[in-house]
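# Structural characterization, general
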Amino acid sequence: MPKQFKTYSRFEGGLNTVTSRRDIADSELSRADDVIVDELGVIRTCGRFTDNTSDYNATIGATAVQPGYGLFQARFDYDTSNNNTSPVATFFANADNGSNCVVRRADNNGSFSDAITLGAVTGSYQGKVIYHLADGFVRACDTNVNNVSTAIKKYGFIKTTDRWLSASTGNAITPGSYAGTTGFSTFDTKLSKPTRGICSKGLRSTTASSGSSTELISSVSGAFPSSTDTELSTGAYHAKNITDNTEDAITGRSSATVLDTASSGADFGTGGESYGVYPPAGTGFNLHFSTTSSGGSWEAGDYEFASTFLYDGNQESLPYVLSGELTVSANDSITCTVLATENRSSTRYADNIVGGRIYFRKKDSDNAFQLFGEINFRQGTRPTLDGTFTGWAAEYANDHFVYSIFVSTSINIDTYESINGFNQDSAFISIGENGEKYQTSLVSNRRAFIANVRYTNPEGVIENRGDKIRYSEIGKFDTFPEFNFLDIGVNDGEDFIKIESYADRLLAFKEKTLYIINISGGSDTQWFLEAEYKTLGISFQGAVVKTDLGIAWANKNGLYLYDGSKIVNLQNKIIYKSSALKDWNSHFTDTSILGYEPTKKHLVLMRSCQTDSEVGDSSDAYVYSFMGKSFTFINDIVGNTVNTNFITDLHNNLSVGSGTNDIHSYDGESDDGESFDIILKNDDFGLPGVAKKVYAIYVEYGSSAAQANAVKFRTTSSVGVGASSGSGGTTAGSLASISCDLTYVNVDRFTTNLPVTCNSFEVRLLSPGGSSGQIKITNVTVEYRPIYKRIT
């Protein structure tokens, strides 16, 4: 019988430990340690995460890291110096700087500095920070429910230098000599409503003669309504003597026409002086009214008013009911002067407040609030949503008291609810008080979704709602009306761990169950639960990753991919239960994290983001190649330290925060000096029970450094098919150094310790860890001859 040759030239099957070594396919491997199979016909040395000092600063400067949390990346239009350069901004959570949970930011590979302070941690508890990005603002949330003093924050670029445009010149005025700000700032996500504001006919008028410098006596009957007694006695409201450019604090109200002042700045004792009554800085608006008995179509009646704040993204707070009222006769028109206090004693309106709205209704009624006027910090005020703005004026140059005047001739049909889509009496519309938080978040279809929410209920008590998914209004990413929620699997003993979106589907993962919700409908009334899977949940938020091919996730039952239409279990070749650490059940832990490298299309499932002392062999990883649809195994893919969550970064690498100072990246390429260990099929060459004589092993390979004793073999002999010779294998030869860049390949014939008679034969190729160079194998051939001697 002539000699025969068996060639193994395709390795794309990767690791198979489910099937016996004898029965795996020719393209599969019974061992695939520290190698990668992502090219047809090539198996090569793996790469590992390495300290990425090219894309990231060498020192982050954090003092504490929570495993599986804290790393995020975004691209902004401006850098930290306010240059319009579109930098890559990296965020790294310092879980506890000694008192607070703080997020640090660096642009490109620049230095890290504190950017977002989330608040004080509680004792030894540290911040577990997650993020999402919407319309240029990063939202950061500490998910640790023990930290009752941390709050969700938003961070982004704000420019307010073009506010308060003059009604007369069109140029910006500078209230309190403040010309605005430009740059990145941190803001509350809570859409707080105004906290102060009064209205009446006498808030900007002239004084009556009093002879007392401590009293402001108005010449307008009923200028200061009685409901303002308590509010005005705090000393927070301001009385401005416009005539002589002085001011004083208001300390109380003596009557409907008399306000008491602190007598420390202004003298209102002379009759006929002009004055204005202004709210505390940055808290709200005062409204001064006058009515004209012609030119209008108002209905007669007594009206009360409310004001709101408008935040970036046209997000409106709930209404704050103003003290005071206005009596209107039939067919009146109303002139309204909006009074605002900006930058007094360095107190300003928050930079993300862009204005407000004014509403009215019949006094002492429960009617819907109807629109009375709109306030814009840049353009001024107007009586309708599509009207013309009237600009601002300051009482004096650089004065912190500014005003704008508009005229309302008729009643608007717009209401607070018709404008916003939710009720004026809602218990809440946003999340952001201290202690409020969520465990997972995302942005899809121009809405923000948050799940497993801890929030303040209508009774004012903070409670956890693990079964609840809340969603924002369209384009209003901080507005979460109380009725915008999905309750799924209520009281089923599971909480939401992670939500992700793909192809107009929301994938909502609990510990054991996956829900797929169809959110393709333009209205939330068109959404529906599309599917429920009882065994496809996850144990940790880091075990899910979004890829360009779909959503991938891992649990003890497998590695899954949802491509927008179906779910496929990618894991059908790794044994689920055995005594070995490398079986799937033993490898997977409650802190396993999954990442995606987009160029080579690798999924990396690392055993744990904790240290080896907490979880043994924590940084061992299974790598799945979408190219070959195959698994390999990499030992210690990243350093033994606490690691953050994985991110697919904007440099097209898979990156992780490793420890408190470094960001390590994985690009899927081979690295020098890594170990390499593969075992091919235990092959009986299609002749079970027949003896064969093996004469040589041919290896087609490239190696950038010589690899001693790299070619080995193992056999099963006449003792029985289960027995093998040499637990590590018998050495057949060494690999030579061929090309430093692996451009060329050699074909070497190895005959040391051969020929050998056996029942089956398997080839092992290895390079011990710490050796130099890289290896690639393109094919392996075994030269043999059946001798037709029955194995006994």
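Nothing here was measured: the structure is a model prediction, and the numbers come from that model.

### Some details on the overall build of the chain
Scanning the chain from terminus to terminus reveals three helices and 61 strands. Here the C-alpha atoms of the chain give a radius of gyration of 36 Å, more than 25% beyond the 28 Å that 2.2 N^0.38 yields for 792 residues. In terms of principal-axis extent, the alpha carbons of the chain reach across some 125 × 45 × 45 Å. A total of 792 residues make up the chain; the buried ones form 58% of that total. Sequence-distant contacts in the chain: of pairs separated by 6 or more residues, those separated by 24 or more amount to 65%. Within the structure as shown, the chain displays about 29,100 Å² of accessible surface, and the carbon and sulfur contribution to it stands at 45%. Taking the 66 positively charged and 89 negatively charged side chains of the chain as two groups, their mean positions are separated by 10 Å.

### Remarks on the side chain of Thr 381
For Thr 381, the location among the structural elements is in strand β32 (residues 380–382). A polar side-chain atom of Thr 381 sits 2.8 Å from a polar atom in the side chain of Ser 404. For Thr 381, the residues in contact, after removing those within four places along its chain, are Val 338, Glu 374, Ile 375, Thr 388, Phe 389, Thr 390, Trp 392, Ser 404, Ile 405 and Phe 406.

### Some remarks on the nonpolar core
Ranked by size, the top nonpolar core spans 50 residues in total, and within it Leu 559, Leu 603, Ile 697, Val 699, Phe 761, Leu 765 and Ile 777 carry the most contacts. For this core, the leading source of residues is strand β61 (residues 775–790), giving five residues. Sequence-distant contacts of Val 699, defined by excluding residues within four places in its chain, comprise Val 711, Leu 735, Asn 746, Val 747, Asp 748, Phe 750, Leu 765, Ile 777 and Asn 779. One finds Leu 318, Val 402, Phe 406 and Tyr 416 within the second-largest nonpolar core, a separate group that totals 38 residues.

### What about the packing of aromatic side chains?
For the coordinates displayed, the defined rule picks out 53 aromatic pairs. Arranged with centres 6.0 Å apart and planes meeting at 85°, the rings of Phe 289 and Phe 372 form a pair that is edge-to-face. Taken together, the residues span a long stretch of sequence, with Phe 289 in strand β24 (residues 286–292) and Phe 372 in strand β31 (residues 370–376) at a distance of 83 residues. Side by side, Phe 289 and Phe 372 carry an identical accessibility label, which is buried. Three or more aromatic residues joined by ring pairs make a cluster, and in this case those are Phe 72, Phe 76, Tyr 78, Phe 91, Tyr 131, Tyr 155, Phe 157 and Phe 184. A cation over an aromatic ring shows up here: Arg 105 above the ring of Phe 184, its NZ or CZ 4.1 Å from the ring centre. Sitting over the ring of Tyr 455, Arg 470 keeps its end group 4.6 Å from the ring centre.

### A closer look at the pattern of salt bridges
Side chains carrying opposite charge are able to pair once their charged atoms draw close together. Tallied over the entire structure, the rule returns 46 salt bridges. Here Asp 683 makes a salt bridge to Lys 6, at a shortest N to O gap of 2.6 Å. One end of the pair, Asp 683, is in the loop between β54 (676–679) and β55 (690–703); the other, Lys 6, is in strand β1 (residues 4–8), with 677 residues separating them in the sequence. Each member of the pair, Asp 683 as well as Lys 6, carries the same accessibility label: buried.

### Quick word on unusual backbone geometry
Note the cis peptide between Leu 754 and Pro 755, where omega equals 5°. Along the chain, the position of Pro 755 falls in the loop between β58 (746–750) and β59 (756–758). Even without being a glycine, Asp 504 presents a positive backbone phi close to 60°. A relative accessible area of 34% places Asp 504 in the partly exposed class. Even without a glycine there, the phi angle at Asp 617 is positive, about 50°. Following the sequence through the fold, Asp 617 ends up in the loop between β48 (602–606) and β49 (621–625).

### Some points on the sheet that holds strand β36 (residues 447–456)
Across the sheet, which stays open at both edges, the four strands sit in the order β35-β36-β37-β38 with antiparallel pairing between neighbours. Of all strands in the sheet, those bounded by a partner on one side alone are β35 (437–444) and β38 (485–487). On average, adjacent strands in this sheet sit at an angle of 35° to one another, irrespective of strand direction. One ladder, built from three bridges, connects strand β37 (residues 462–471) with β38; its direction is antiparallel.

### A few points about the confidence of the model for the chain
Note that predicted coordinates carrying low pLDDT should not be read in detail. Across the chain, the average pLDDT comes to 93, with 98% of residues at 70 or higher. For the stretch residues 718–725, pLDDT sits under 50, and the model shows 13 contacts to residues farther than four places along the chain or on other chains.

### Quick look at the side chain of Ser 625
Structurally, Ser 625 can be placed in strand β49. Here Ser 625 falls in the buried class, since its relative accessible area comes to 3%. A polar atom in the side chain of Ser 625 sits 3.3 Å from the backbone oxygen of Val 37. Those residues within four positions of Ser 625 in sequence are excluded, and the remaining contacts are Val 37, Asp 38, Lys 601, His 602 and Ser 630.

### With respect to the environment of Ala 32
Inspection of the secondary structure puts Ala 32 in strand β4 (residues 31–33). Between the C-alpha atom of Ala 32 and that of Leu 766, which follows or precedes it by 734 residues, the distance is 9.9 Å. If sequence neighbours within four positions are ignored, Ala 32 has contacts with Leu 15, Thr 632, Phe 633, Asp 677 and Ile 678.

### Things to note about the sheet that holds strand β13 (residues 137–142)
If you trace the four strands from one edge of the open sheet to the other, you get β12-β13-β15-β16, paired in antiparallel fashion. Strands at the two margins of the open sheet, each flanked by one partner only, are β12 (129–134) and β16 (182–188). Each strand of the sheet is rotated relative to its neighbour by a mean of 25°, with strand direction disregarded. The sheet contact formed by β12 and β13 spans six bridges and is antiparallel.

### Brief notes about the pairing of strand β34 (residues 401–408)
Most of β34 sits inside the fold, with six of its eight residues counted as buried. The pairing of strand β29 (residues 333–341) with β34 spans eight bridges and is antiparallel. Within the sheet, the bridge partner assigned to Thr 335 lies in β34 and is Val 407. Following strand β33 (residues 393–394), the chain reverses through six residues before pairing antiparallel with β34; Asn 398 in that reversal takes a positive phi of roughly 65°.

Conventions adopted
- Residues numbered from 1 in each chain as written.
- Predicted model: local features only at pLDDT ≥ 70, side-chain atom pairs only at ≥ 80, totals over all residues.
- Heavy atoms only, no water.
- Helix = DSSP H or I, 4+ residues; strand = E, 2+ residues; numbered from the N terminus.
- Rg over C-alpha atoms; globule rule 2.2 N^0.38 Å.
- Buried < 20%, exposed > 50% of the residue type's maximum accessible area, 1.4 Å probe, protein only.
- Contact = heavy atoms within 4.5 Å.
- Areas by Shrake-Rupley, 256 points an atom, 1.4 Å probe, with all protein chains shown as cover.
- Lys, Arg positive; Asp, Glu negative; His and termini not counted.
- Charge placed at Lys NZ, Arg CZ, Asp CG, Glu CD.
- Polar contact = N/O pair within 3.5 Å; in protein donor to acceptor, adjacent residues only side chain to side chain.
- Core = buried A, V, L, I, M, F, W, Y, C linked by side-chain atoms within 4.5 Å.
- Phe/Tyr/Trp six-rings, centres within 6.5 Å; stacked < 30°, edge-to-face > 60°.
- Lys NZ or Arg CZ within 6 Å of the ring centre and 35° of its normal.
- Salt bridge = Lys/Arg side-chain N within 4 Å of Asp/Glu carboxyl O.
- Pairing = 2+ DSSP bridges.
- Axes fitted to C-alpha atoms, helices over the stretch in contact; angles between N-to-C directions.
- pLDDT = per-residue confidence, 0-100.

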